[in-house]
Amino acid sequence: MDRLLFGDNQFFGVNHMSEEKARAQAMRFQNTQSIIDVLDVAYDEGIRTFMCTTHDRIAEIAAHVRAKSARYRDFLFYPCMPYAHKYANAMTDYGMLGAVKRFLPDEGLLDAAMRGGMSLAKKDIEGVTTLLIDAEMKMFQGLKTPVIFLQNVVVDFLLGLGFRDAFRIFASHVKSRYGAEPGFITMNLPMLLDALDEVGIENPIVCANINKIGFRMCGGIDAYEHALRERQFRAIAMSVFASGAIAPEEAIRWICERPQIKSVVFGASSRANIRSTRALMDQYSRLLRVA
Amino acid sequence: MIRVGVAGLGKMGLSHLAMIRPHPGVNVVGVCDPAGYVVDVLEKYTGLRTFTRFEAMLDAGEMDAVLISTPSRLHSAMVRTALERDLHVFCEKPFVLDPHDGEELANLAERRGLVNQVGYHYRFVAAFREVKRLLELGAIGQVTHVQAEAYGPVVLKPKGSTWRTQRSEGGGCLYDYAAHPLNLVNWYFGEPQRVGGTAMSRVFSRDTEDEVYGTLYFEDGKTAQISVNWSDESYRKMSTSVKVWGTAGRIYADRQECQTFLRDGAVVPEGYRLGWNVRYTTDMTPPVWFYVRGEEYSAQLDYFANRIAAGELDNVNSFRSATVTDRVIAAMIADAETGPRTERSARAPIPKRPGWMSWLRPAAGVK
């Protein structure tokens, strides 16, 4: 995994501070080309991993990267699935079972029909889950997806319910079908590590809010620090700036002082911000390595 | 440990279940839903004890409290059953469809000394709490007008019907969406005396409204306007906001932030100043034990559990407070059915021409 990963919240009107800013971003990025322009800047700055939701519009980005494979030789996607809003909305309308049925591929593939139908009939979630994963992965066909993530809303929902088998099913399908590493995004890192341990997922890749002020770090910053020191996992930090509450330099320095954090995922919309984040990351990684 | 049963496993029920189960002070002793498939899958994979009938769950074991997240029409009877068994109750919003039932249930819960709470989660959003605090301090002086809004992408095309699209079941934009801004207005200013100008129109739904607009009139002369539309795809998800105008300033708040403008004459709270002040939800929100979809959802359940543990009946979202919102909803339905009352041809009374002496008197409010 690279040290810096590029996130996609800024492209889809997600902003934890202000609805106005979120709307301005949604307007700015409504043309896919404007997203591609920013991705190009990041890529040319050496940030080659795009950690992105399986949002419909990502399919257009994927198609673009596929079409220009020479330009994007080292471009990596880390898909984060599912795009939860569509399922939540469908669940409101059709209930849990109805929602699942709606998103199963309906091309009449024998395999899909068997896996889906049998699985639904036997109340066995394995078949349905793997089908849903395949449906979400379709847009990345032919592209490099070395790590595939389960989104935090789903991870934390399953974690809360105690639906731990789902993590195992996800992990094994992602490995066997896509040759990828499973990743998990969560707001409840200490609790998730225990659950992943229980289902035998070793040294997992886990992406969580990790920042100096403990913003959205459920279980508390001490439990996170303890996990970083004592547990075997590959940590990706998100929300390192705590939605702007921590100055960039202070935020990055704090991250770099914790060598157990393998990567940082960040979002930015301008060359200046991308460049300065990378520069800070390089500077403090070097500084602290020397120290 | 508080022993809790969870009734109703739709979107809200499952969401509550996912948050309450990891709560360190709570033990989920049973869950129920008539959809046998869902409960079977849950039982198989999560080890939860499941039921398809509410009474069966209540009969099966000892419990202290229930969370009820069933279609709104069912709330009244289920809440009564639970209270009669001396269980503390958390019920999803809107509380009940007939405000008389709401009164009775509030009385029953109070008489039996049971914690009673309704899931108006916006009262647990830091920005909206800040509005409440500022109003209680009298920061913006005398409030004259309020605008409370909610928009979001729920019904975006004509489609099949579920309980959420039937007003008789407690569905529709009024019960589902407008209840939230109305409830905030009730929290801030109490119960209005009258409602007027209610317009409820369809955009795509066949059996219910997709838009709700109306005015609430309060005893002291202030007014509140409600503007709600759940067929607005320009919003990524539900967005609720309030604007409050006072003689000494104005407040705007949504899920993310609270912006306050204070002018001369304002009671300036500590840390505030004249002019603009912005406070962010992210800065004001205390951490929660478990996060799924927003701190407020976790916080309201934690609050419920804590009230039970502390034997504390006073509740920010009591049945009684939710019944105020139910009454306003009922009044808006009645008002919309009456329709507008003033004809286009109606003549406004012509103001009396002031005598020349009036030039010597200062206008109201001018010192």
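All values derive from a computational prediction rather than experimental measurement. (Residues numbered from 1 in each chain as written. Chains lettered and ligands numbered in written order. Predicted model: local features only at pLDDT ≥ 70, side-chain atom pairs only at ≥ 80, totals over all residues. Heavy atoms only, no water.)

Novice: Quick rundown of the environment of Asp40 of chain B? Include the residues and the values.
Specialist: Residues and elements named next belong to chain B. Looking at the element boundaries, Asp40 is found in helix 2 (residues 36–46). Exposure remark for Asp40: the relative accessible area of 34% places this residue in the partly exposed category. Along the chain, Asp40 and Trp245 lie 205 residues apart, while their C-alpha atoms are 52 Å from each other. (Helix = DSSP H or I, 4+ residues; strand = E, 2+ residues; numbered from the N terminus. Buried < 20%, exposed > 50% of the residue type's maximum accessible area, 1.4 Å probe, protein only.)

Novice: Before we move on, can you summarise the domain arrangement of chain B with the specific residues and values?
Specialist: Residue and element names in this part refer to chain B. If you check the domain split of chain B, you get domain 1 (2–122 + 297–317) and domain 2 (124–286 + 327–338). Distance from the C-alpha centre of domain 1 to the C-alpha centre of domain 2: 26 Å. Across the boundary between the two partners, domain 1 contributes 18 residues, which contact 19 residues of domain 2. For the domain 1 and domain 2 pair, buried surface summed over both sides reaches about 1,800 Å², with 61% attributable to carbon and sulfur atoms. (Domains from an automatic or database assignment. Contact = heavy atoms within 4.5 Å. Buried area = accessible area lost by both parts, 1.4 Å probe.)

Novice: Outline the sheet that holds strand 11 (residues 239–246) of chain B, listing residues and values.
Specialist: Residue and element names in this part refer to chain B. On the basis of which strands lie adjacent, the open sheet formed by eight strands has the order 8-9-10-7-11-12-13-14 and mixed pairing. Every interior strand has two partners, whereas the edge strands, strand 8 (194–201) and strand 14 (275–280), have only one. Direction aside, the axes of adjacent strands within the sheet are offset by 10° on average. Where strand 9 (residues 211–217) meets strand 10 (residues 223–229), seven bridges bridge the pair, whose relative direction is antiparallel. (Pairing = 2+ DSSP bridges. Axes fitted to C-alpha atoms, helices over the stretch in contact; angles between N-to-C directions.)

Novice: Which residues make up the environment of Thr46 of chain B, and what values go with them?
Specialist: Residue placement: Thr46 of chain B occurs in helix 2. According to the relative accessible area criterion, Thr46 of chain B is buried, its value standing at 9%. Residues within four places of Thr46 of chain B in sequence aside, it is in contact with Leu161, Gly162 and Phe163 of chain A together with Arg21 of chain B. At 2.5 Å, the side chain of Thr46 of chain B forms a polar contact with the backbone oxygen of Leu42 of chain B. (Polar contact = N/O pair within 3.5 Å; in protein donor to acceptor, adjacent residues only side chain to side chain.)

Novice: Could you give me a rundown of the packing of helix 4 (residues 75–84) of chain B against helix 5 (residues 99–112) of chain B, with the residues and numbers involved?
Specialist: Residue and element names in this part refer to chain B. Relative to each other, helix 4 and helix 5 sit at 15°, their axes nearing to 10 Å. Compared by their axis directions, helix 4 and helix 5 come out roughly parallel. In terms of crossing hand, the pair formed by helix 4 and helix 5 is left-handed. Seen from helix 4, the contacting residues are Ser76, Val79, Arg80, Leu83 and Glu84; seen from helix 5, they are Asp101, Glu104, Leu105, Leu108, Ala109 and Arg112. The residue inventory of the contact of helix 4 with helix 5, partitioned by class, reads five nonpolar, one polar and five charged. (Parallel < 35°, antiparallel > 145°, perpendicular 65-115°, else oblique. Left-handed = near helix turned anticlockwise from the far one by under 90°. Nonpolar A, V, L, I, M, F, W, Y, C, P; charged D, E, K, R; others polar.)

Novice: Tell me about the pairing of strand 12 (residues 249–254) of chain B, and name the residues and values.
Specialist: In regular strands, side chains alternate between the two faces of the sheet. Residue and element names in this part refer to chain B. Burial within strand 12 is extensive, with five of its six residues counted as buried. Of the strand pairs in this sheet, strand 11 and strand 12 are connected by six bridges, and their pairing is antiparallel. By the bridge assignment, Ser241 is partnered in strand 12 with Asp254. Taken together, strand 11 and the strand that follows it, strand 12, pair antiparallel across an intervening segment of two residues. Pairing geometry for strand 12 and strand 13 (residues 257–262), over five bridges, is antiparallel. Pairing of Arg250 across the sheet is with Phe261, part of strand 13. Connecting strand 12 to the next strand, strand 13, in antiparallel fashion are two residues.

Novice: Account for the packing of helix 2 (residues 32–44) of chain A against helix 3 (residues 56–67) of chain A, with residues named and values stated.
Specialist: Axes are the key here: two packed helices are described by the angle between their axes and the distance separating the axes. Residue and element names in this part refer to chain A. Contact geometry of helix 2 with helix 3 gives a least axis separation of 10 Å together with a crossing angle of 55°. In this view, helix 2 runs oblique relative to helix 3, as classed from their interaxial angle. In the crossing of helix 2 with helix 3, the sense of the turn from one axis to the other is right-handed. Side by side, helix 2 and helix 3 meet where Thr32, Ile35, Ile36 and Leu39 of the first sit next to Arg57, Glu60, Ile61 and His64 of the second. When grouped by side-chain class, the residues that make up the contact of helix 2 with helix 3 number four nonpolar, two polar and two charged.

Novice: Pulling in residues and values, what's your account of the pattern of salt bridges?
Specialist: Proximity of charged atoms lets side chains of opposite charge pair with each other. Residues and elements named next belong to chain A. As enumerated under the stated definition, the model contains 38 salt bridges over all chains in all. The salt bridge involving Arg253 is made with Glu257; its shortest N-O contact spans 2.8 Å. By relative accessible area, which is 37% here, Glu257 ends up partly exposed. With a shortest N-O distance of 3.7 Å, Asp282 and Arg278 are connected by a salt bridge. Within this pair, Asp282 and its partner Arg278 are both found in helix 12 (residues 271–290), separated by four residues, close to a single helical turn. In this structure Asp282 comes out as partly exposed when scored by relative accessible area, which is 34%. (Salt bridge = Lys/Arg side-chain N within 4 Å of Asp/Glu carboxyl O.)

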